[in-house]
Amino acid sequence: MLKAIQILGSSSGFVSHRLKPHGNCGLSFVSISTKPSSSSSSRTPTTKNSLLSPTLSVRKGPCLRAFRVSLTRCESNPDGTSSPSSVAFQSNGNTRKIKFCQLCGGPTKHEIPDGEEKMRAICTLCGKISYENPKMVVGCLIEHDNKILLCKRKIQPSYGLWTLPAGYMEIGESAAEGAIRETWEEASAEVEVLSPFAQLDIPLIGQTYIIFLAKLKRPHFAPGPESSECRLFSLDDIPFDSLAFSSMLVTLKLYTEDRKVGRPKFHYGTINKRPGTSPSEIRAYTLDYHMLS
Ligand SMILES: [Zn+2]
């Protein structure tokens, strides 16, 4: 189940650029900015961001082709104070929402503990520091008869919009087990996981998505309690204008692009919200550090 989820996203849409690999093996990053596809007086091109321009380039590691994809057609920033870099590297900043200690129930104070760099919620009674860490969302991209299975959400947020079956990973299960469980809960479908397809980090809201390619064990699916409908879509019919979340938009774009040229790859990327855009605009993002193998 996925009850509290990222809503990123907007109007200029997904842009994917395939660049030449930087070497045959190892890990490298290429920082690029795409040209705006159209001009608008209300939009201000975003300058390329030095923080995101990888100084990490060329690390030893698995064979991956790595790209950075960034939209330059970015909403102008009303206050002129932040940039994509500041958004990308900000702490999620929810620490102040922690009012009480999870261990003893005592009230918290908010300070930077000795030896640390970030503000934390610290219990005034027992001294416990409440750390916040990203949540893992796991799901399945199910292929069947050259179609994929999507679920229409019957719960908020994004009621009535389409998504892959996905939800929060539980303690005690692996990512693949969680993806299988979520698929059963949301689509009443028994699936076999085939391979990982995408890991998408969303630092702004502290979520990481892991989406697996999967197949139906038997040709049966039906809406679970959180879905009003489950349906197989051919690649040409995927409802890109009615998707629930940026993560799903990115995943399905990557998948359809891969399918046009052959087998799906494995993708890693970071989804960052574009400053000045509405939280409900799921296309208002940049996909950074896009790597594929
Ligand atoms: Zn306490």
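Owing to the predicted nature of the structure, the values given are computational and were not obtained by experimental measurement.

### Describing the overall build of the chain
Move 1: When its secondary structure is counted, the chain shows three helices and 15 strands.
Move 2: Split into buried and exposed, the 293 residues of the chain put 37% on the buried side.

### Quick word on the sheet that holds strand E6 (residues 129-130)
Move 1: Reading across from one edge, E4-E5-E6 is the order of the three strands in this open sheet, with antiparallel pairing throughout. Looking at which strands have only one partner, the edges of the open sheet turn out to be strand E4 (108-111) and E6.
Move 2: By the bridge criterion, two bridges tie strand E5 (residues 120-123) to E6 in an arrangement that is antiparallel. In the strand pairing of E6, Ala121 is matched with Ser130.

### Overview of helix H3 (residues 246-261)
Spacing of three or four residues puts side chains on the same side of an α-helix, whose turn is 3.6 residues.
Move 1: Its 16 residues place the ends of H3 23 Å apart at the C-alpha level, agreeing with the 22 Å of an ideal helix rising 1.5 Å per residue.
Move 2: Every buried residue belonging to H3 is among Ser246, Ser247, Met248, Leu249, Val250, Thr251, Leu252, Leu254 and Tyr255, and all of these are buried.
Move 3: On its buried face, H3 is in contact with strand E7 (135-144), strand E9 (162-163), strand E11 (191-202), strand E12 (207-216), strand E14 (267-273) and strand E15 (285-292).
Move 4: Phi turns positive, to about 150°, at Gly262, one or two residues after H3.

### As for the environment of Thr163
Move 1: Relative to the helices and strands, Thr163 is located in strand E9.
Move 2: Sequence separation between Thr163 and Gly139 is 24 residues; the distance between their C-alpha atoms is 9.8 Å.
Move 3: Dropping the residues within four chain positions of it, Thr163 is found in contact with Leu150, Cys151, Arg153, Leu243, Ala244, Phe245 and Met248.

### Overview of the nonpolar core
Move 1: Ranked by internal contacts, the top residues of the largest apolar core, which has 47 residues, are Cys140, Leu141, Ile142 and Phe212.
Move 2: For this core, the secondary structure elements donating two or more residues are E7, strand E8 (147-153), helix H2 (175-187), E11, E12, H3 and E15.
Move 3: With residues near it in sequence (within four places) discarded, Ile142 still touches Ile148, Leu149, Thr183, Ala189, Val191, Ala214, Lys215 and Leu216.

### Remarks on unusual backbone geometry
Move 1: Residue Pro157 is reached from Gln156 by a cis peptide bond, and omega for that bond is -5°.
Move 2: Position of Pro157 relative to the elements: it lies in the loop between E8 and E9.
Move 3: Its identity as a non-glycine residue notwithstanding, Asp145 has a phi of 55°, on the positive side.
Move 4: For Asp145, the position within the fold is in the loop between E7 and E8.
Move 5: A positive phi angle is found at Ser188, which is not glycine, with a value near 50°.
Move 6: Structurally, Ser188 is set in the loop between H2 and E11.

### A short note on the confidence of the model for the chain
Move 1: In the predicted model, the chain carries a mean pLDDT of 75, and 68% of its residues have values of at least 70.
Move 2: Contacts of residues 3-92 to residues separated by more than four positions or lying in other chains number 176 contacts, the stretch itself having pLDDT below 50.

### Describing the pairing of E5
Move 1: Relative to E5, E4 runs antiparallel, the two sharing four bridges. Across the sheet, the residue bridging to Thr108 is Cys123, located in E5.
Move 2: Here E5 folds back onto E6, and the loop between the two strands holds five residues, one of which, Gly127, carries a positive phi near 85°.

### Topic: the pairing of E14
Move 1: Of all seven residues making up E14, six are buried, and the element is well covered by its neighbours.
Move 2: Sheet analysis places E11 next to E14, joined by four bridges and oriented parallel. Bridging across to E14, Gln199 finds its partner in Tyr268.
Move 3: Pairing of E14 with E15, which is carried by six bridges, proceeds in the antiparallel orientation. Among the inter-strand pairings, Tyr268 is bridged to a residue of E15, identified as Met291.

### Notes on H2
Move 1: Its 13 residues give H2 an end-to-end C-alpha distance of 18 Å, which sits within 8% of 18 Å, the value for a rise of 1.5 Å per residue.
Move 2: Looking at H2, one finds that the buried residues are Gly178, Ala179, Ile180, Glu182, Thr183, Glu186 and Ala187.
Move 3: Elements that come into contact with the buried residues of H2 comprise E7, E8, strand E10 (166-168), E11, E12 and strand E13 (227-234).
Move 4: Looking one or two residues past H2, Ser188 carries a phi angle of roughly 50°, positive in sign.

What counts and how
Along each chain, the written sequence defines residue order, and numbers are assigned to residues from 1. Where local features are concerned, this predicted model is filtered to residues with pLDDT of at least 70; where side-chain atom pairs are given and counted, the filter is 80 or more; whole-chain, interface and lining totals use all residues. In this text, helices come from DSSP runs of H or I with a minimum length of four residues, and strands from runs of E with a minimum of two, each type numbered from the N-terminal end. For every residue, the other C-beta atoms within 10 Å of its own C-beta are counted; 20 or more classify it as buried, 12 or fewer as exposed, and values in between as partly exposed. C-beta atoms are placed from the backbone. Paired strands are those between which DSSP finds at least two bridges. Helix span, as expected, comes to 1.5 Å for every residue beyond the first. Distance between backbone-placed C-beta atoms decides contact: two residues are in contact if it is within 7 Å. Under the definition applied here, buried Ala, Val, Leu, Ile, Met, Phe, Trp, Tyr and Cys residues are grouped into a nonpolar core through C-beta atoms within 7 Å. The predictor attaches a confidence to each residue, called pLDDT, with possible values from 0 through 100.

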